Amino acid sequence: MQKNIASYFKSSKKGEDSNDQIKEQQFIEENLKKEKLIAELKVPSSKSKQLNPEVKGAVLFMDMAELYEQVGEIKGQNSKDAIKELVAKLFIRIMKENREEFVPAYLFSILKLGPDYESWELGIGQGIIVKSISAVSGKSEKQVRELMNTLGDLGLAIEKSKSTQTSLNKFFVSQTVKEEVKLTMIQVFNTLQQLQKQEGTGSSLEKERILTNLLRMAKPIEAKYIIRFIEKNLKIGAAEKTMQAALARAFQLYHKGNVEGDYESIINQALCECPNYKKIIDTLFSIQSLKEVPEICHIIPGVPCKPMLAKPMKSIQMIFQRFENMKFTCEYKYDGLRGQIHFENGQVSIFSRNLENMTQTYPDIVTYIHTHYQHLDGFIIDSEIVAYDVANNRILPFQTLTSRAKKNVDQNQIEVQVCLYIFDLLYLNRQSFLKETLEKRRSTLRDTFKEEEGKLKFATSRDSENFEEIEEFLLNSIKMGCEGLMIKTLEVNSQYEPAKRSFNWLKLKKDYLDNGLSDTFDLVPIGACYGTGKRKGFYGSYLLACYNEDMDQYETTCKIGTGFSDENLEKFFQFFQEYLIPHPLSEYKCDGVNMDVWFSPVVVWEIKSADIQISPIYSACSTILQLNNKGVGLRFPRLIKVREDKKPNEATSSQFLYDVYKQQAVVASNNTFEQDDDFY
Ligand code: AMP
């Protein structure tokens, strides 16, 4: 029979002193309370059975699939806590019995095959999945697509097809695969890795073959989660953040109270400087004290650190309020792509804001660093990569930068030249600079690097506390083709805070001059209505959603019909034809909004809006607001651009939208607006 959490501790108490025993006893009692919480959950009785007790040699993939099933059924008020406890319970069992399989099990649960900065994209489109499902189920590709349209996702389509297979097909399958085969977690993970390694001619066919074999061996619910992994959404209402909380909880249990501290924040902090779960998990297995984690998992060249971000401000006055009696500097806010440049042992790597490795895209930067900075014993600098007109010595717009090829860039054929605008130093000569003041980081940066026109420049800055001077500097930044200003504390509270949208960095975009909200939002189009008149034949308006990281849900916040050129109307219409879905996904919180068509979440749009108000129609922030299901809606939204550098789950979070809503100067509690007041 499976051991419960408490029994693990009871069996390991021998030979320890009485103080420790009291501590453990308290720990056990606390955990028993948590177990009670799980027991009280409204999980259907058929699902609440014990997890597969046979895992001795290896973790069965069925255990993971059943866990996901159970998690997906947990609803209600304390659901996040309950999910955390439930997941932690399986995690700790794997940690104890199959330690070396824990990393794959965890990574699968957060939809990863490795760290984000190592390219491990599977590159499997719907076409291959449909063909594999068709081969496994005996259904035609057309039937598989129809099933997907009715059920809403390919995961459910394979689950259903496999559980209703004809006897003839079952007979065929049993000839190819041993009936009793039990998939293990490691087998699934290795096969996915094998899929990822296929490239070049013939790779599509090979991927289809490998996937088909895997699906043949899988039971219906296992197949469902394999497909959902490939489609990057397990649809269980628990995304990476929740899994991370479960990971922290599991390690707390694993250490039986002998290692004290706030596991969640230690893991979170370690991930900011070293976003490599394998390294963090291996470290957590080996430590005696949580203090060792930051000593082992810290910033290092070759591993991207999560970048520091800024809070939006509406006016120069607000900056003075925030930074009263503090020394600060204003820098141009360049409109390009964030580039974290790493160098060590002759190796240059360039990482994006999302920690993707962009080194291949910029061989010119790599050569430049090699030529000029070989002598340094390793560094990490933060910069903006900006398209640059070398003939006229001027900055070019962001759109020009995105037209540059991303892969197989031949250094001698580069059409779009770039200049690096460097603004921070994170690491130099084997030393982290994260805890230094910006004043120190900036002066070391200036002492170490040398400006060269059109190649490498320090971000233009002004250390001023004079209103008129800052205003003039802002106007100049716009004239020079920048987006506005970044304003940063220089001494007090000025350390580099990885991953934080910090109040120690503020941003002032030129749009604030229009008197609208100072910031833009990055939202995901999830549905649309057909246009009329001039827009006939295209979509006339789109429904946009922000992302609730806690709930793994997309929450609606406006309809938009402004800011589209004729060319974009057509382009977007064509683009979305590939991503039409018959019903809103279960993770769309969109009750009460009627649209003509719905899309999968595939793209992020930057949106500018005049105002945010409480809305009876939209669901954004409703869980935070707790106002009879009311949410917040953007008024008069208009499209600024497509955010090519963001994935849908990196869209503006509900929490951020709520923070901006709260920050607005005029927030009358009865500010509501009507259904159609929000667009055009
Ligand atoms: P946003 O994307 O609107 O949140 O603005 C933050 C982004 O501005 C950063 O991620 C950088 O890519 C970019 N940026 C441009 N100039 C600077 C600068 N001087 N300091 C920091 N970030 C900058």
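Under an unreviewed UniProt entry, the name given to the protein chain is DNA ligase 1, and the source organism is Paramecium octaurelia. UniProt annotates the protein chain under Sequence similarities (unreviewed entry) with the comment "Belongs to the ATP-dependent DNA ligase family."

Participant: Any chance you could explain the environment of Glu415 here in plain terms?
Facilitator: Relative to the elements of secondary structure, Glu415 occurs in the loop between α19 (398–402) and β7 (418–428). Residue class for Glu415 comes out exposed when judged on its relative accessible area of 76%. Sequence-wise, Glu415 and Ser403 are 12 residues apart; in three dimensions their C-alpha atoms are separated by 9.5 Å.

Participant: I keep staring at the site of the ligand and nothing clicks. Help me out?
Facilitator: Around the ligand, 15 residues are found, and the nearest of them are Glu331, Arg338, Glu384, Lys488 and Lys507. Taking Lys333, its side chain carries an N or O atom lying 3.0 Å from an oxygen atom of the ligand. Here a nitrogen atom of the ligand and a backbone polar atom of Tyr334 are 3.0 Å apart. The fraction of the free accessible surface of the ligand (500 Å²) that becomes covered by protein chains is 95%. If you list the elements that add at least two residues to the shell around the ligand, you get β2 (328–333), β11 (484–489) and β12 (501–509). In terms of residue count, β12 provides more of the shell around the ligand than any other element does, four residues in total.

Participant: Teacher, can you tell me more about the nonpolar core here?
Facilitator: If you look at soluble globular proteins, the nonpolar side chains tend to sit buried side by side. In this structure, Phe102, Ile226 and Phe251 are the most contacted members of the largest nonpolar core, which totals 85 residues. No other element matches the 10 residues that helix α4 (residues 79–97) contributes to this core. Not counting chain neighbours up to four residues away, the residues in contact with Phe102 comprise Phe91, Ile94, Met95, Leu247, Phe251, Ile281 and Phe285. Ile380, Ile470, Ile487 and Tyr496 belong to the second-largest nonpolar core, a separate cluster that totals 36 residues.

Participant: Can you walk me through the pairing of β12 in this structure?
Facilitator: Along any regular strand, the residues point their side chains to alternate faces of the sheet. Burial runs high along β12: seven of the nine residues are buried. Here five bridges tie β11 to β12, and the two strands are oriented antiparallel to one another. When the bridges of β12 are listed, Ile487 appears paired with Leu506.

Participant: Looking at this model, I keep getting lost on the packing of helix α11 (residues 203–217) against helix α12 (residues 220–230). Mind explaining?
Facilitator: Two quantities define a packed helix pair, namely the angle between the helix axes and the distance between the axes. Where α11 contacts α12, the axes come no closer than 8 Å and their chain directions differ by 150 degrees. Classified by the angle between their axes, α11 and α12 sit roughly antiparallel to one another. α12 is crossed by α11, and the crossing has right-handed handedness. Contacts between α11 and α12 involve Leu211, Leu214, Leu215 and Met217 from the first element and Glu222, Ala223, Ile226, Ile227 and Ile230 from the second.

Participant: Help me understand the packing of helix α5 (residues 102–109) against helix α15 (residues 277–286), please; the structure alone is not making it clear to me.
Facilitator: Running from N to C, α5 and α15 cross one another at 135 degrees; their axes reach a closest spacing of 10 Å. One finds that α5 runs oblique with respect to α15. The interaxial crossing formed by α5 with α15 has right-handed handedness. Contacts from Phe102, Val103, Tyr106 and Leu107 of α5 reach α15 at Tyr277, Lys278, Ile281, Asp282 and Phe285.

Reading the values: the criteria
Residues numbered from 1 in each chain as written. Predicted model: local features only at pLDDT ≥ 70, side-chain atom pairs only at ≥ 80, totals over all residues. Heavy atoms only, no water. UniProt positions renumbered as here; feature names shortened; annotations may be inferred. Helix = DSSP H or I, 4+ residues; strand = E, 2+ residues; numbered from the N terminus. Buried < 20%, exposed > 50% of the residue type's maximum accessible area, 1.4 Å probe, protein only. Near = heavy atom within 4 Å. Polar contact = N/O pair within 3.5 Å; in protein donor to acceptor, adjacent residues only side chain to side chain. Areas by Shrake-Rupley, 256 points an atom, 1.4 Å probe, with all protein chains shown as cover. Core = buried A, V, L, I, M, F, W, Y, C linked by side-chain atoms within 4.5 Å. Contact = heavy atoms within 4.5 Å. Pairing = 2+ DSSP bridges. Axes fitted to C-alpha atoms, helices over the stretch in contact; angles between N-to-C directions. Parallel < 35°, antiparallel > 145°, perpendicular 65-115°, else oblique. Left-handed = near helix turned anticlockwise from the far one by under 90°.

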